Structures are given as C-alpha cells and as structure tokens.
Amino acid sequence: MRRTQYLLGTLVTVTAVAPDRATAAQAVTAALDEIARIEALLTTYHPESEISRLNRSEGAWISVSPETLDVLAEAVRFAEMTRGAFDPTVGPLIDLWREAERRGRAPTDEERVAASKRVGYRRIQVDRHGSRARLEIGTRVDLGAIGKGYAVDRAAEAMMRAGASGGVVEAGGDLLLVGDLPDDLRDVSIRDPRPPPRVHRIGSFSGGTAVATSGGYERSFQIGDQRYGHVIDPATGLPTDSLLSATVIAPSATMADALATAILVRGQDEAQRLANEQGIEYTIFHPDGWIEDYYDGKTERTDGR
Ligand code: AMP
Ligand code: MG
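Since the model is a prediction, treat every value here as computed from it, not as a measurement. Numbers given to residues run from 1 along each chain, matching the order in which its sequence is written. Think of it this way: whatever chain is written first is A, whatever ligand is written first is 1, and the rest follow in order. Totals for whole chains, interfaces and linings use all residues, but because this is a predicted model, local features are given only for residues with pLDDT of at least 70 and pairs of side-chain atoms are given and counted only at 80 or more. The side-chain quantities take in all heavy atoms of the structure and omit both hydrogens and water.

### Thoughts on the sheet that holds strand β7 (residues 174-179)
Here comes step 1: Pairing within the open sheet is antiparallel, and its nine strands lie in the order β1-β2-β6-β7-β10-β15-β16-β17-β18. Across the chains shown, the open sheet's two edge strands, defined by having one partner strand only, are β1 (2-7) and β18 (298-302). Put simply, the sheet's adjacent strands are angled 10° from each other on average, direction ignored.
Here comes step 2: Any pair of residues with heavy atoms lying within 4.5 Å of one another is described as a contacting pair. Axes here refer to lines fitted to C-alpha atoms; in helices the fit is confined to the stretch in contact. Angles between the N-to-C directions go from 0 to 180 degrees. In this text, helices come from DSSP runs of H or I with a minimum length of four residues, and strands from runs of E with a minimum of two, each type numbered from the N-terminal end. Lying on the sheet, helix α9 (residues 268-278) is in contact with β16 (281-285), β17 (291-295) and β18; it crosses β16 at an angle near 170°. Any two strands with at least two DSSP bridges between them are considered paired.

As structure tokens, this is what we get:
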C-alpha cells in the first residue's frame with residue numbers, strides 16, 4: 001500500500017507492507033498523520049508552532065513537547081559532531097541572504113559578521129528533566145536541515161506501531177527503510193544533480209537504513225545573474241559551493257539529513273572523516289564532474305557517465 005501527500009513543503013510518499021490491506025492502509029495513515037503532527041511542532045512558517053514560540057522567547061525558558069526537545073537535542077549533538085558545519089541556529093544568515101535576494105545585492109562583509117554573531121549552536125539549551133528549552137537572546141532555530149529526517153524517523157515508527165511488517169517513508173529525497181522488505185523496495189537511486197535529469201543507483205539496502213541528500217540545486221538564492229545554494233557555511237556566512245550534492249547513508253534519517261548538510265558545507269574531507277568516525281556511507285557529486293561513492297569500506301571515483 002502506497003500513498004503520497006504534500007507535507008513538509010515537499011511530496012511525502014509512504015509505502016507499507018502488512019499482512020492484510022486494512023492494516024497496510026492504517027499504517028500508511030499513521031505515518032502521514034505523524035509527519036503532519038511533527039511538522040506542526042517544528043515549522044517556522046506558522047507563528048504558533050513550538051519552534052516559533054521558542055524563537056520569540058527572548059531568552060526565557062519555554063516548555064516544549066518531548067519531540068521538540070528530542071529534535072533540539074539531536075540537532076545540538078550533530079552540530080557538535082560536525083564542529084558546527086551543521087548548525088541549527090543559522091536562521092539569521094538565511095534571513096540575510098533572503099533579504100539580499102529581495103534587494104538584488106549580495107550581503108556586505110559587515111552584514112555577514114553582524115548576522116554571524118547571533119549564530120552558534122552553543123546558544124541553545126535543552127533541559128530534558130524540565131521538558132523545556134531556551135535560546136540566548138537574538139538566537140533563532142531553523143530545523144530546515146534536520147526536521148525532514150526527524151519527521152521521517154518518527155513516521156516510520158508510527159507505521160510499524162500500526163502493524164506494518166516493513167515499509168519506506170520518503171520525503172523529498174530523504175528516505176528510511178524499515179522492517180522486512182521485498183527486493184524492489186530495497187533498491188535506492190538518487191538524483192544526478194547535473195543536467196540532463198538522470199538517476200544514480202547507490203545500492204540495495206535493508207530495513208534500518210536511511211538515505212538523505214543535500215544539494216545546492218534544490219533551492220537557491222538568485223542575486224542578479226548569480227545563483228547561490230541554500231546551504232550556508234556558518235563559519236563564513238557564505239553559501240557553499242564545494243559540492244553539487246552530498247548523499248549520506250546512516251542508521252537514522254535524522255542523522256543522514258544533518259550529516260548530508262554538513263558534508264555539503266565542508267566538502268569531501270568531512271565526508272571521509274564522518275565515514276571513518278561515524279560509520280556512514282556516502283555519495284558526493286563534485287562540480288569538476290566526478291562522483292565519489294563510498295560503500296562497504298571502499299571508495300570508488302567515476303565520472304558517472
Ligand atoms: P538540507 O536540504 O537538509 O541541506 O537543508 C537545507 C536548509 O537548512 C536550508 O534551506 C536552511 O533552512 C537550513 N540551513 C542552511 N545552511 C545550514 C547549515 N549550515 N546548518 C544547518 N541548517 C542549514
Ligand atoms: Mg539536511
């Protein structure tokens with residue numbers, strides 16, 4: 001049983017395998033409902049979401065749900081793991097570049113430095129016991145680089161709780177395989193970011209594997225005739241251009257999502273470091289035309305043509 005719905009600003013497809021049709025349908029509905037519920041907590045497009053309230057809190061402690069607490073703690077953990085390449089507090093820099101797009105002129109160095117002062121994941125405090133979180137004044141959280149993965153993980157759990165024996169949850173290219181799956185559902189391909197539209201097969205995986213891709217081509221800022229990717233290097237305040245895309249294979253979609261963004265920021269060295277230290281696998285597309293696939297402990301570099 002498979003259903004697609006527009007959620008998280010993208011197309012979400014849920015596929016459930018279950019002993020009977022009724023259970024499969026329930027499992028699909030449970031997964032989609034869970035994504036909608038998580039999205040309502042985390043979105044910054046709605047002023048009354050928990051994250052929006054936290055972003056307006058002016059340094060006060062705010063009570064939040066277990067899921068919001070959980071994703072904030074995970075975001076801080078991946079920010080530490082990537083030494084700030086992934087940073088959920090980049091909001092002020094994103095706003096600066098959006099504003100620059102509106103006026104048609106790139107931000108000045110001074111503007112970037114000023115916005116950077118409000119960025120830094122150490123400005124987030126998570127109090128697990130008190131079920132509350134706090135931001136330093138001026139800090140804002142943007143879960144754009146991890147929220148989709150987190151929602152996918154929670155949806156897969158909901159699907160299995162509803163009786164599925166396996167399934168796939170996919171949100172705009174980020175996906176998680178769970179449980180027992182037939183071969184056709186285990187095969188994963190990603191988009192080749194170079195024109196013309198093509199796919200790049202990365203392999204056949206089993207339940208408990210997540211795949212997430214981050215690429216400058218997905219969304220961008222257009223300033224004059226220059227296009228800039230939507231991922232910003234928190235260290236410089238500049239959009240990154242070291243890779244066309246980064247795909248990470250990890251045990252959770254939350255991890256794959258956050259680390260794919262970090263690799264897009266830092267490039268190939270970060271991919272190798274995270275592979276060695278965290279056991280991830282990856283595919284990166286380099287602007288010079290080569291593709292690096294790292295699977296089963298082996299690096300393979302091709303032009304993919
Ligand atoms: P993704 O497609 O997962 O790489 O997420 C990109 C989105 O995350 C952007 O549209 C921003 O909202 C936000 N973002 C941009 N740069 C960063 C960064 N260095 N760390 C965390 N989030 C970021
Ligand atoms: Mg990401």
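Moving on from the coordinates now.
### Some points on the pattern of salt bridges
Here comes step 1: Note on definitions: salt bridges are taken to be side-chain nitrogens of Lys or Arg within 4 Å of carboxyl oxygens of Asp or Glu. A full pass over the atoms with the stated rule returns 22 salt bridges.
Here comes step 2: In this structure, Asp-183 engages Arg-186 in a salt bridge whose closest nitrogen and oxygen atoms are separated by 3.4 Å. Of this pair, Asp-183 and Arg-186 are both found in helix α7 (residues 183-186), three residues apart, which corresponds to roughly one turn of the helix.
Here comes step 3: In this structure Arg-186 comes out as partly exposed when scored by relative accessible area, which is 24%.
Here comes step 4: Taking the shortest distance from any N to any O, the salt bridge between Arg-273 and Glu-277 comes out at 2.8 Å. For every residue, the accessible area (1.4 Å probe, protein chains only) is compared with the maximum for its type, and the residue is labelled buried under 20%, exposed over 50%, or partly exposed between those bounds.

### Some points on the site of ligand 1
Here comes step 1: Of all residues adjacent to ligand 1, which total 18 residues, the nearest are Asp-87, Asp-142, Ser-214, Ile-232 and Thr-261.
Here comes step 2: A 3.5 Å cut-off defines polar contacts: any pair of N or O atoms within that distance qualifies, except that in protein one atom must be a possible hydrogen donor and the other a possible acceptor, and neighbouring residues in sequence count only when both atoms are side-chain atoms. Within the backbone of Asp-87, one N or O atom sits 2.9 Å away from a nitrogen atom of ligand 1.
Here comes step 3: Measuring from an oxygen atom of ligand 1, one finds a backbone N or O atom of Ala-145 at 3.2 Å.
Here comes step 4: To be clear on the numbers: accessible area is Shrake-Rupley with a 1.4 Å probe, and residue cover counts the displayed protein chains and nothing else. Expressed as a share of its isolated accessible area of 500 Å², the protein-covered part of ligand 1 is 96%.
Here comes step 5: Considering every element that reaches the shell around ligand 1, the biggest residue donor is helix α8 (residues 253-266), with three residues. Residues are labelled near a given molecule or strand when at least one of their non-hydrogen atoms is within 4 Å of it.

### Looking at the sheet that holds strand β3 (residues 62-63)
Here comes step 1: Read from one edge of the open sheet, three strands run β3-β5-β4, paired in antiparallel fashion. Every interior strand has two partners, whereas the edge strands, β3 and β4 (124-127), have only one.
Here comes step 2: Taken together, the four bridges between β4 and strand β5 (residues 132-135) define a ladder with antiparallel strand orientation. Along β5, the bridge assignment pairs Ile-124 with Leu-135.

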